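# Observations on chain architecture
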Amino acid sequence: MDVRSQVSMVFHLDKCIGCHTCSIACKNIWTDRKGAEYMWWNNVETKPGTGYPTKWENQDIYKGGWEKNGDTVSLKGAGKFKGLKNIFHNPHMPVLDDYYEPWTYKYQDLFTAPEGDDQPTARPVSLVTGEHMDVQAGPNWDDDMGGSPDYARQDVNLEKLSASEKEAMFQLERMTFHYLPRICNHCLNPACVGSCPSGALYKRGEDGIVLINQERCRAWRMCVTACPYKKSYYNWNTGKSEKCILCYPRLESGQAPACFHSCVGRIRYLGVMLYDADKIATASAAPDDRLVDAQMDIYLDPFDPEVIKQARLNGVADSTITAAQNSPVYKFVKVWKLALPLHPEFRTLPNLFYVPALLPTMATVADGVYNSTSKSLWNGVESNRLPMKYLASLFSAGDTGKVTEVMKRLMAVRLHRRGVTVGDLNAAEISQALKDVQMEPDTADAIFRLTSLATFDERFVIPPAHREESIEMLENTGDVKGNTGFGFKQKPARGL
Amino acid sequence: MKSKNNHLLSLTRKRILSLEVLFCSIFILLFAKVDFAQDGEAIFKQNCSACHKMGMRLVGPDLTGVTTKRTEEWLMKWTRSSQALIKSGDADAKAIYDEFGGIMMPDQTISDEEIKAVYAFIASKSEAATAATPAVTEAVVNASADATPEVIELGKNLFVGSNAFSNGGAACIACHNVNYTGVIPGGLLAKDLTTAHSRLGGDAGILGILGAPPFPAMTQAYKGKAITETEIAALTAFLNKVDKDTANQVASSPNLLLYGGAGGLVGLLVIIYLLWFVRKKDTVKKDIYNRQLKSI
């Protein structure tokens, strides 16, 4: 057992209102620079939709992630031979138009235009070339199903649906959408790290954050192709690739990452998970139907004395173990089994988990009257607006049983709380729903509490970074004691 | 008074000095002129004899009576730059060039006076020759054909540089190439010497060139590092062997590089096209843009 700690995340999609505050918080801090304008380390997509970059989930186009190769996995688009073949021109890489060409407006023209018969306008100018341009796409052009035939109908996850199922999704009173905020998954088996010819990418030992060393990056851009989530971006100005750093400077000082901190719907949870690094190789090569279970097996019980002992032997700090015990992520993912990884079939073992959204039940409009199609307020999850096949394609590598189970658990919690707060439901029906998913009412209450009433400190359990210990590994702090501290930018005239 | 005397004295001295300078100059000029006239033969030996011989056709034509056959002006032009004369459209010059197998005569860097001296020498020799019995064309003697394998081997070693020239000259392979078993491809700076032996009219041509290199670059390269007679004999024997050994002479098309390169490029493009046939050719948004533009 090789116990390590990993900063993991849960996004509760039921609570996401698609406001993009997270994206703006991230953009303002990290990617508001020349060459980074088109990057959205955090972006919010509408599902069904094609996402950003367009059709990123389609690995036939982008060749990202790992593919099963006997007992092990190999990179789909990179690696020794494939990498060498494409080292000077990588044809699977997204081009700028697959993201979008960033632009701004010439606002000054509104004020400086000479007097005329017409209103002055602020024309769009490209942030790449500086020339006037016709805006063709943005990072969330499919927002709220905008341009639906172009975006929603081209969602890669619809491929697994039959033609009639697909058609049904776009009928009035059936049509639905939800949001999918995405950041770097800081995977346990990161394809970007595996693909880098320069060894510039690495996974931090203490918290598992995946970073690109800007000094070692040689702009091969293999990581851009290899990341199946397309969360590594090439900065054309600096000639280096960049990606989400999970705001590690904030984490190290005990603050939640900016996108987590700013989240209006409070959908985001962050906490430590202890995992067994010895199991990564087998879990990433598990058969498709076992992928989610195999990944869940990697995460260890932080209360198990044996796990604690092994963690200590590996140098995991006690404060980190305590944080793992209080981790909201551990509760959502392992204890309550409510959260699933996004596209586990990419085999990168992502550490960002999603609680799927319970969508409104189906209804019909007859003679101008809105009729629910079922007698009860919430119909069974089987008649969910989004077909289970679609959700399974997103969250469980096509295993509909897995998502159905999660939806049933969510439904049980909702029914239970409706019973508590409104009391208009049949008590037998509620207890049957809880019994179906083997959930105690106390657990349902706890889930409700962490979902709806959680405080800041319950949502973000950030362990101390112990920088003071890690610096002692590199240098003797006694050497510099008394030599640094308060200083001067300009020495005083009288001298020191 | 004294000062005036001094002044006169200095004037006289100055006059004497200028006279001295004048006489000296005349003397030097006269002496030099004489020197040139006498040197015609030496210059001929140094610069011309590699290819030309009086009363016998060698690499270049027999020069007996050439001074009466051509005008002095024509001879001067030809000697300074035969190629320039050919290019100017002179029919005679072209005819001579073609007659001697297209072997160009190198441009001579000697001065006009020296050229004149050489032709003066040729004229004097010609008169003597016509006075005597007409020259009998000697049969071309190629003694090198009988050379022992050891001598040929020595020649080969000298050519490729495994044996150094005793006076320190550069190995032939630095500038020349021959197609011969066991000899790596040589330099491309100067002529390919595979068929040099027959091209230059047998032993005599090679011996002449190696004894007194007439080509400017070669003259410079072997200045003060003359190739000894034994070495010359060995090299001549080697070049004769290379010339005869036709098995090693690959008929090379001058455009091989061009056609081969073009063919190779096309082949390479085909391979690249096939290897990368499955690739992302357009932006994934192309269809979206096209449909949206159509609907406007």
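Here goes a summary of the coordinates provided. Not measured: the values here are computed from a predicted model.

About the thresholds
Residues numbered from 1 in each chain as written. Chains lettered and ligands numbered in written order. Predicted model: local features only at pLDDT ≥ 70, side-chain atom pairs only at ≥ 80, totals over all residues. Heavy atoms only, no water. Helix = DSSP H or I, 4+ residues; strand = E, 2+ residues; numbered from the N terminus. Buried < 20%, exposed > 50% of the residue type's maximum accessible area, 1.4 Å probe, protein only. Contact = heavy atoms within 4.5 Å. Areas by Shrake-Rupley, 256 points an atom, 1.4 Å probe, with all protein chains shown as cover. Expected span 1.5 Å × (residues − 1). Core = buried A, V, L, I, M, F, W, Y, C linked by side-chain atoms within 4.5 Å. Axes fitted to C-alpha atoms, helices over the stretch in contact; angles between N-to-C directions. Parallel < 35°, antiparallel > 145°, perpendicular 65-115°, else oblique. Left-handed = near helix turned anticlockwise from the far one by under 90°. Phe/Tyr/Trp six-rings, centres within 6.5 Å; stacked < 30°, edge-to-face > 60°. Pairing = 2+ DSSP bridges. Buried area = accessible area lost by both parts, 1.4 Å probe. Salt bridge = Lys/Arg side-chain N within 4 Å of Asp/Glu carboxyl O. Polar contact = N/O pair within 3.5 Å; in protein donor to acceptor, adjacent residues only side chain to side chain. Nonpolar A, V, L, I, M, F, W, Y, C, P; charged D, E, K, R; others polar. Disulfide = S-S within 2.5 Å. Patch = residues over 30% accessible without salt bridge, like charges linked within 9 Å, V, L, I, M, F, W, Y side chains within 5 Å.

## Some remarks on the overall build of chain A
If you tally the helices and strands in chain A, you get 22 helices and 16 strands. By the burial criterion, 52% of the 496 residues in chain A qualify as buried. Of all intrachain contacts in chain A linking residues separated by at least 6 positions in sequence, the fraction that spans at least 24 positions is 70%. Total accessible area on chain A is roughly 23,000 Å²; 52% of this is exposed by carbon and sulfur atoms.

## Focus on the overall build of chain B
Scanning chain B for helices and strands turns up 13 helices and 0 strands. The burial tally for chain B puts 32% of its 296 residues in the buried class. In chain B, the share of contacts with a sequence separation of at least 24, taken over all contacts with a separation of at least 6, comes to 60%. When the accessible area of chain B is evaluated, it comes to approximately 19,000 Å², of which 64% is carbon and sulfur surface.

## Here we look at the side chain of B:T236
Residue and element names in this part refer to chain B. Here T236 is to be found in helix α11 (residues 229–244). Among the residues examined, T236 registers a relative accessible area of 2% and is labelled buried. Excluding residues that lie within four positions of it along the chain, T236 makes contacts with S144, H197, D203, I206 and L207.

## Looking at α11(B)
For α11(B), which comprises 16 residues, the first-to-last C-alpha distance of 22 Å matches the rise-based estimate of 22 Å (1.5 Å per residue) to within 8%. Listing the buried residues of α11(B) in full gives B:E231, B:I232, B:A234, B:L235, B:T236, B:A237, B:F238, B:L239, B:N240, B:V242 and B:D243.

## Considering the nonpolar core
Core analysis: the biggest nonpolar cluster contains 120 residues, and A:V10, A:I183, A:L246, A:F260, A:F332, A:F353 and A:F395 have the highest contact counts within it. By residue number, the principal contributor to this core is helix α17 (residues 400–421) of chain A, which donates 8 residues. In this structure, A:F260 is in contact with A:M9, A:F11, A:I183, A:L246, A:R268, A:Y269, A:L270 and A:F460, ignoring residues within four places of it in sequence. With 28 residues, the next largest nonpolar core counts B:Y180, B:I227, B:I232 and B:V242 among its residues.

## A few points about the packing of helix α9 (residues 203–211) of chain B against α11(B)
Residue and element names in this part refer to chain B. For the pair α9 and α11, the least separation of the axes is 10 Å and the interaxial angle reads 135°. Put simply, α9 runs oblique to α11. Between α9 and α11 the crossing geometry is right-handed. Taking contact as the criterion, the partners of D203, I206, L207, L210 and G211 in α9 are, on α11, I232, L235, T236, L239 and N240.

## Some remarks on the packing of aromatic side chains
All names here are of chain A. For the coordinates displayed, the defined rule picks out 27 aromatic pairs over all chains. Both rings, one in Y52 and one in Y233, keep their centres 6.2 Å apart while their planes meet at 25°; by these two values the pair is stacked. With Y52 in the loop between β2 (43–47) and α2 (59–62) and Y233 in strand β10 (residues 232–235), the pair connects residues that are 181 residues apart, well separated along the chain. The pair Y52 / Y233 is uniform in exposure class, with both members buried.

## Some remarks on the pairing of strand β11 (residues 240–243) of chain A
Residue and element names in this part refer to chain A. Of the two faces of β11, both are covered, the one formed by K240 and E242 as well as the one formed by S241 and K243. In this sheet, β11 lies alongside β10 in antiparallel orientation, the contact comprising 4 bridges. Bridging from a neighbouring strand, Y234 pairs with S241 of β11. Counted along the chain from β10 to the antiparallel partner β11, the turn is 4 residues long, and its residue G239 has a positive phi close to 70°.

## Brief notes about the interface of chain B and chain A
Counting from both sides, the interface comprises 12 residues of chain B and, opposite them, 21 residues of chain A. Both sides together, the interface formed by chain B and chain A hides about 1,500 Å², and carbon and sulfur atoms give 53% of it. When the area that chain B buries against chain A is broken down by residue, the three leading residues are B:K280, B:V284 and B:K285, summing to 38%. Inspection of the chain B/chain A interface yields 2 salt bridges. Residue B:K280 pairs with A:D98 through a salt bridge whose shortest N-O separation is 2.5 Å. In this structure, the connection of chain B to chain A is made through 11 residue pairs in polar contact (both at pLDDT 80 or more). The biggest single contributor to the side of chain B that touches chain A is helix α13 (residues 286–295) of chain B, with 4 residues. Classifying every residue of the side of chain B that touches chain A gives 6 nonpolar, 2 polar and 4 charged.

## Describing the packing of α17(A) against helix α18 (residues 427–436) of chain A
Helix-helix packing is characterised by the crossing angle of the two axes and by the distance between the axes. All names here are of chain A. One can describe the packing of α17 onto α18 by two numbers: an axis separation of 9 Å at closest approach and a directional angle of 150°. One element, α17, and the other, α18, form an angle in the roughly antiparallel class. Relative to α18, the crossing made by α17 is left-handed. From α17, A412, L415, H416 and G419 reach across to α18, where they touch I430, A433 and L434. Here the residues of the contact of α17 with α18 sort into 5 nonpolar, 2 polar and no charged.

## Regarding the sheet that holds strand β1 (residues 3–12) of chain A
Residues and elements named next belong to chain A. Read across the open sheet, the 4 strands follow the order β12-β1-β14-β13; overall the sheet is mixed. In this open sheet, the two strands that pair with only one neighbour each are β12 (268–276) and β13 (340–341). In this structure, β1 lies alongside strand β14 (residues 352–355), joined through 4 bridges in parallel fashion. In the sheet register, M9 faces β14, and the bridge partner there is L352.

## Details of the pattern of salt bridges
All names here are of chain A. Tallied over the entire structure, the rule returns 25 salt bridges over all chains. One salt bridge connects D424 with R418, and the closest N-O pair in it is separated by 2.8 Å. Given the relative accessible area of 46%, D424 is considered partly exposed. Residues joined by salt bridges that share partners form a network here, namely R204, E206, D207, E252 and R467.

## Observations concerning the state of the cysteines
All names here are of chain A. Using the criterion set out here, one finds 0 disulfides over all chains in the structure. Unpaired in this structure, C263 has its nearest cysteine sulfur neighbour in C22, at a distance of 6.3 Å. When its relative accessible area of 14% is taken as the criterion, C263 is described as buried.

## Considerations on the pairing of β2(A)
Residue and element names in this part refer to chain A. Across the 5 residues that make up β2, a large majority, 5, are buried. On β2, burial covers both faces: N43, E45 and K47 on one face and V44 and T46 on the other are all buried. Two strands pair when backbone bridges link them, and β2 and strand β7 (residues 178–182) are joined in this way by 5 bridges, in the antiparallel orientation. Bridge pairing in β7 places E45 opposite L180.

## Quick look at a nonpolar patch on the surface
A cluster of nonpolar side chains, namely B:L265, B:L268, B:L269, B:I271, B:I272 and B:L275, defines an oily patch on the protein surface of about 570 Å² accessible area. Relative to the assigned elements, B:I272 resides in helix α12 (residues 256–275).

## Topic: unusual backbone geometry
Residue and element names in this part refer to chain A. The linkage connecting K47 with the following residue, P48, adopts the cis geometry, with an omega of 0°. Mapped onto the secondary structure, P48 falls in the loop between β2 and α2. A cis amide bond links Y52 to the next residue, P53, at an omega of -10°. Structurally, P53 can be placed in the loop between β2 and α2. The phi angle at K63 is positive, at roughly 55°, despite the residue not being glycine. With respect to the helices and strands, K63 occurs in the loop between α2 and β3 (66–69). For K63, a relative accessible area of 18% puts it in the buried group.

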